[in-house]
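Chain by chain, the residues run as shown.
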Amino acid sequence: MHDLAAITALGGSEPRVDTVADVTCAEVPGVALASVAARSGQEAKAQKALAKLIGVKTPDIGRFAGDPVSAFWTGPDQWMVEAPFDSHEGLAQQVKDAIGDAASVTEQTDAWTRFDLNGGRVLAVLELLCPLDVRKMAEGDAARAAIHHLGCFVLCRSPGSFSVYGPRSSAGSLHHAIVTAMKSTL
Amino acid sequence: MIIPHPLLGPRDSSEFVYLGDASLIDRPDWQAEDAAEAFHEYAYLRDNPAGEHRELWYHEGGDRSWLVVTRNTMTHEISKVELARDVARAQGRSK
Amino acid sequence: MTQVNRLSGGLIDRNSTLNFRFDNRNYTAHPGDTLASALLANDVRLIGRSFKYHRPRGVLTAGSEEPNGIVELRAGNRKEPNTRATTAEVYEGLDAQSQNRWPSLKFDALAINDRFSNFLTAGFYYKTFMWPAVFWEKLYEPIIRKAAGLGSLSMEDDPDEYDKGFLHCDLLIIGAGPAGLMAALTAGRTGSDVILADEDFALGGRLNSESFSLGDDSASDWAAATVAELSALPNVRLMPRTTVIGAFDHGIYGAVERTGDHVATLPVGKPRQILWRTYTKRALLCAGATERPIAFENNDRPGIMLASAMRTYANRFATTAAQRVAIFTNNDDGHRTASDLRAKGVKIAAVIDVRDDAPINYEFEVLKGAQVVDTKGRLGLTFVEVALADGSRRILECGALGVSGGWNPNVHLTCHHRGRPVWNDDLAAFAPGDDLPPGMTVAGAANGTLSTHGALQSGAESAAIALDLKGALPDLPKAEDAPINQTPFWYLKGCARAWLDQQNDVTVKDVKLSHQEGFRSVEHLKRYTTLGMATDQGKTSNMAGLAIMAELAGKSIPETGTTIFRPPYTPVPIGTFAGRMKGQDFHPTRLTPSHYWAKERGAVFVEVGNWLRAQWFPLPGETHWRESVDREVRQTRASVGVCDCTTLGKIDVQGTDAAAFLNKVYCNGFAKLAIGKTRYGLMLREDGMAMDDGTAARLAEDHFVVTTTTANAVNVYRHMEFVRQCLFPDMDVQLISTTEAWAQYAVAGPNSRKLLQKIVDPEFDISNDAFPFMGCGSITVCGGLRARLFRISFSGELAFEIAVPSRYGDALMRRLMQDGEEFDVVPYGTEALGVMRIEKGHAAGNELNGTTSALNLGMGRMVSKKKDSIGSTLSEREGLNEPDALMMVGIKPVNADDKITAGAHLMDASGPVDAKHDQGYVTSAAFSPSLDCHIGLAFLKNGGARQGERMRLVSPLTDVNVEVEIVSAHFVDPEGERLRA
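For every chain, the first residue of its written sequence is number 1, and the numbers climb from 1 along that sequence. Labels follow written order: the first chain is A, the first ligand is 1, and so on. In keeping with the model being predicted, local features are shown solely for residues with a pLDDT of at least 70 and side-chain atom pairs are shown and tallied solely at 80 or more, while totals for entire chains, interfaces and linings include all residues. Remark: hydrogens and water are excluded; side-chain values derive from all non-hydrogen atoms of the structure.

1. Remarks on the overall build of chain C
Helix numbering and strand numbering both begin at the N terminus, where a helix is a DSSP run of H or I of at least 4 residues and a strand a DSSP run of E of at least 2. Helices and strands together make up the secondary structure of chain C, namely 21 helices and 50 strands. The principal-axis extent of the C-alpha atoms belonging to chain C is close to 115 × 70 × 55 Å. Residue burial is assigned from relative accessible area. The probe radius is 1.4 Å, only protein chains are included, and a residue is buried under 20% of its type maximum, exposed over 50%, and partly exposed in between. Classification of the 981 residues of chain C by burial places 61% in the buried group. Whether two residues are in contact is decided by their heavy atoms: any pair within 4.5 Å suffices. Taking contacts inside chain C between residues at least 6 apart in sequence as the whole, the part at least 24 apart equals 66%. Computed with the Shrake-Rupley method and a 1.4 Å probe, the accessible areas treat only the protein chains shown as cover for residues. For chain C, the exposed area adds up to about 37500 Å²; of that, 53% sits on carbon and sulfur atoms. Neither His nor the chain ends contribute to the count of charged residues, in which Lys and Arg are positive and Asp and Glu negative. Charge placement uses NZ in Lys and CZ in Arg. For Asp and Glu, CG and CD serve respectively. Taking the average place of the 104 positive charges on the side chains of chain C and the average place of its 118 negative ones, the gap between the two points comes to 2 Å.

2. Here's the deal with the nonpolar core
Here the nonpolar core consists of buried residues drawn from Ala, Val, Leu, Ile, Met, Phe, Trp, Tyr and Cys, with membership extended through side-chain atoms lying within 4.5 Å. Ranked by internal contacts, the top residues of the largest apolar core, which has 57 residues, are Val 642, Leu 756, Val 781, Ile 802 and Leu 816 of chain C. Sorting elements by how many residues they give to this core places helix α20 (residues 809-819) of chain C first, with 5 residues. Excluding residues that lie within four positions of it along the chain, Ile 802 of chain C makes contacts with Ala 743, Gln 744, Tyr 745, Val 747, Leu 756, Ile 779, Val 781, Arg 788, Leu 789 and Leu 812 of chain C. Counting 53 residues, the second largest nonpolar core, distinct from the first, contains Phe 115 and Ala 171 of chain A together with Ala 197 and Leu 413 of chain C.

3. Side note on the packing of aromatic side chains
Residue and element names in this part refer to chain B. For Phe, Tyr and Trp, where Trp contributes only its six-membered ring, two rings pair if their centres lie within 6.5 Å, and the inter-plane angle classes them as stacked under 30 degrees, edge-to-face over 60, or tilted in between. Tallied over the full model, the rule gives 19 aromatic pairs over all chains. Ring geometry for Phe 39 and Tyr 42: centres 6.1 Å apart, planes at 85°, overall edge-to-face. Placement of the pair is Phe 39 and Tyr 42 together in helix α1 (residues 35-44), with a separation of 3 residues, close to one helical turn. The two residues Phe 39 and Tyr 42 agree in class, both being buried.

4. Re the sheet that holds strand β2 (residues 25-29) of chain C
Residue and element names in this part refer to chain C. Pairing is mixed in the open sheet, where 5 strands are placed in the order β2-β1-β7-β5-β6. The open sheet has two edge strands, β2 and β6 (80-84), and neither has a second partner. The sheet shows a mean angle of 40° between the axes of neighbouring strands, taken without regard to direction. In this scheme, strands are said to pair when DSSP sees at least two bridges between them. Judged from the 3 bridges that link them, strand β5 (residues 70-73) and strand β7 (residues 94-98) form a sheet pairing that is antiparallel. Looking at β7, one finds that Glu 72 is bridged to Gln 97. Lines fitted to C-alpha atoms define the axes here, with helix axes fitted over just the stretch in contact, and angles between the N-to-C directions of these axes take values from 0 to 180 degrees.

5. What to know about the packing of helix α4 (residues 122-129) of chain A against helix α5 (residues 171-185) of chain A
Residues and elements named next belong to chain A. Two elements in contact, α4 and α5, have axes whose closest approach is 9 Å; the angle formed by their N-to-C orientations is 120°. Judged on the interaxial angle alone, α5 and α4 are oblique. Here α4 and α5 pass one another in a crossing that is right-handed. Mapping the contact onto sequence places Ala 124, Val 125, Leu 128 and Leu 129 in α4 and Ala 177, Ile 178, Ala 181, Met 182, Ser 184 and Thr 185 in α5. Angles below 35 degrees are treated as roughly parallel, those above 145 as roughly antiparallel, those between 65 and 115 as roughly perpendicular, and all remaining angles as oblique. Less than a right angle of anticlockwise turn of the near helix away from the far helix marks a crossing as left-handed, whereas a clockwise turn marks it as right-handed.

6. Section: the sheet that holds strand β31 (residues 590-591) of chain C
Residues and elements named next belong to chain C. Spatial strand order, β31-β33-β32: 3 strands in an open sheet with mixed pairing. Among the strands making up the open sheet, the edge pair consists of β31 and β32 (604-608). With 5 bridges joining them, β32 and strand β33 (residues 611-616) adopt antiparallel strand pairing. Its bridge partner lying in β33, Glu 607 is registered against Leu 612. Packing of helix α21 (residues 830-840) onto the sheet brings it into contact with β32 and β33, and relative to β33 it is tilted by some 70°.

Limitation: the analysis is restricted to geometry and does not speak to function.
Spelled out as structure tokens, the structure:
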């Protein structure tokens, strides 16, 4: 076991949690990510292997599925696989082992920072942040959206609970934008 | 503007990056007799129609698909949107 | 002063009193008042001075179309000029100042302009201040600006916050008058997602201004009850204080919600305004109509206003401009105003109706076939002079005059896609045409349906059609359904100083002058006279100007032209467009994995794109940046230095065709690159110019990691996707950015291997034999952490780049510093990085500047002719391959103390110094601690053959003129022995 200590995307040793009124924004560093892109002509095989890995049918366009290992659609024949970091730090290798040459797999764990937004008026916060019709998003929806000029993924875990993935290097700016919106509208 | 993405439905044009004329798909054969001339035309000469225009847009803030969008430059009416990859294949491009 | 002009009733809250100030005097108002209504209640008619002639002015309207009642609101850095008193809500402590007067509103020295009005007609500036040209900027313009200004700016930063947001709906209803409310009810009850936006703080539109009934309720009560029902519907979003400012492409509407303009102070973090980007399937424009004035001599005195505004002030705001008023009208609507005011106890001097067949009313005197020919009263109306039908004159004493010239539909948003309104003879006005923005329909008065019943009905029907609703429409309340009777009456014949555009001081005479001088199209009329410019954009004036021009030209109004409108509907503060994207938040900031550590070390940061990178790391006692940078370079070259290079773009390229793909995007070959090896690659644009450079490391047969420059990371990735999807769609290759995923540090210097050996786990041999120059591979560090190691060098030293998952980057940097203590390790920043790469002669962004080819960069032979790659064909063009083509060289000053600056040009040592004799230019320059003098990289004609030549380096702009020697660009270790050590 190596002896290098991790820091969160916001630079702390512990994840940051901010609450304004009834909405909470929580930094979530405990997630491992790996991208999966089907190889040419191997799309069906890749989907099948991915489905087996996440335990459910491979998510369709704009959707995510699976637990505890899940995947969300990111592009044509492309997905991002999510899993708990503590049990899956080596996720990319695990996914590669499962899918083999049917897909290209790339570690994405630290390419992203995740903030989970929860609370009764979370939609009011999101409508200040991104152009998605968040009021129409249902559990299992995943969409790409620009937040504060950052390319993000927004996942609807339930109508009052969303995950936002943004580029890790801009975690501070993204967090600032989210908390500013929370303070503005709540 | 809103671009009706063939996979994702209507998306705000602010998520896209514009490149230009869809003729950029028709990259000439480097070994052809007239390759120099053909590449010159390919790189520099474009139609600039007042009306329907087939153009390349990249969904950078989305699924990273290149799209061929048929847009009327006078009204901004978008009549057709295709995945550029499909268009390229249909035009005989391969490897 | 008490509110002497308060009337009974109204929609104000008399249980509460608000204190406010206007021109430093205290007044009182009630909640529900606008600044204009409160001033009128306090018997203040004089509110401003006109733009050019500084004539005393009061309010003309009771809404956002106001041209005159323009004030500065608030003080200090929150001061906002040019706000309309007619829409500004009074709050406790409101502070307003009149504008464009000196020293005071009642005595304005520049009112002298009015005396010279014969000279100050349209086109005056163009004709007068023509010569000499230099006087314009220094003399004329400042004087004119001061004299003919609107409000003044605080010149301080706006301290308020603004937000932007996004809304989605099935139907956006613009305007909450009878048509809008009925439409919302129709659509809302079916469960559709409806947004109902209105610029007013009270929803209801003219229903709040009228005395008639809707069914069994008063109009305002019906509006209130409807609003209450709508607000209980979860699918309806009511947005008062929200102006839809523009109709954009494909159902996108801009809406400005004024969330904080009606309160004295906002809680921290709360926005003053929100700009909503509204996406809607359908839009229903229910923007109502605006009454139009009639132009007559001296029609601009305080107290003269639109008759409908007078009615609004009386019915909604319970106030009147004076206790004795007259009405001047060409239609029945003016009579309604007289009735309403009389009912509130205001004395009616007379109703002056231009029509010979005007209706008789037994409550007040009606002067049929009569016209107001002149007015009196310096700071406020006192008398009007009326020409009676029999030609005799009569003087009427009154403090206010209501003017009604008919109604113009508010077609503004229908024009935002260049739609043209069409002339409607029945209305004698322009109504929306057929070329509306797609998805928009128009209902109610905005569509020319001027009766209340008609508005309610068209609102309901339009909503049903827009949403394709089946089933019965809601029952309509019984409402006023008067027929339209508008006969045009624009101005009095023979008048001259009769104001059309009160905001820009444009008179009937100016329009005549414009016609006389040939500026006859509406576009020319506008530019020549300024008719319809400034904050109100001619909402009350354009039509009359057009009508007069038509008459002068002997054409019909539609033949003469139409005025169309652009966004925004009403003025929007710049801050609202900026939203939160200002100052530090103008763009997102990207931090490197070692950022927090670097900050602790006191690093000086530089913005590189959105990245913040450590520029250098000053030590205590270092007073000049060069001291720090020189030390970092020397220490790195002497022992070992570490630099965060995470910002370089990293793209994961995988697939069975990955190598073939790289062969396409790089001009040099990659097919034969061995696994575990890295190669420099140069990317060309299709036109043959260099686009970007970097390295590609082959981690497996089907797996490469490509680096790009920091600045081009996004563009290169986009380009590679283009090549993959659009040019070679069947290649089996997959791309994804991994820039952020890995913290990557350059470890450079003769001791770099020794330092890394302390960190890299022992099972990985990184000796020169096992891990030679340009080697790469996956390793583990610090007891098992997955990492990547690349033996590449930008500095020219023995060097490695090591990458670990970003979350461990901070810890790895600290470990390198700790373990490197024995080697005197130094962290270095982008300056030292730049110095070392110049010393080594590596091209960077300054050289790959979009105008240079591989040949220019000294890499012409790298462009493989054995394969097709992007740019390879056009790079062979004759023009890019001339014998004297620019080639990258190094330059050194002959006198070691001389400085070299980037941007300076190379000339022959003797000979003319001019553009014609230009031989090349310097792209990068630095002080080289290794050579102890300034050095530079330059592009020089035929540079490859000119080593040893002495030339002159000049930069007239920066006063550089020194003798330099042309040398190899590889100042340090030209044989590359250090790299391979």
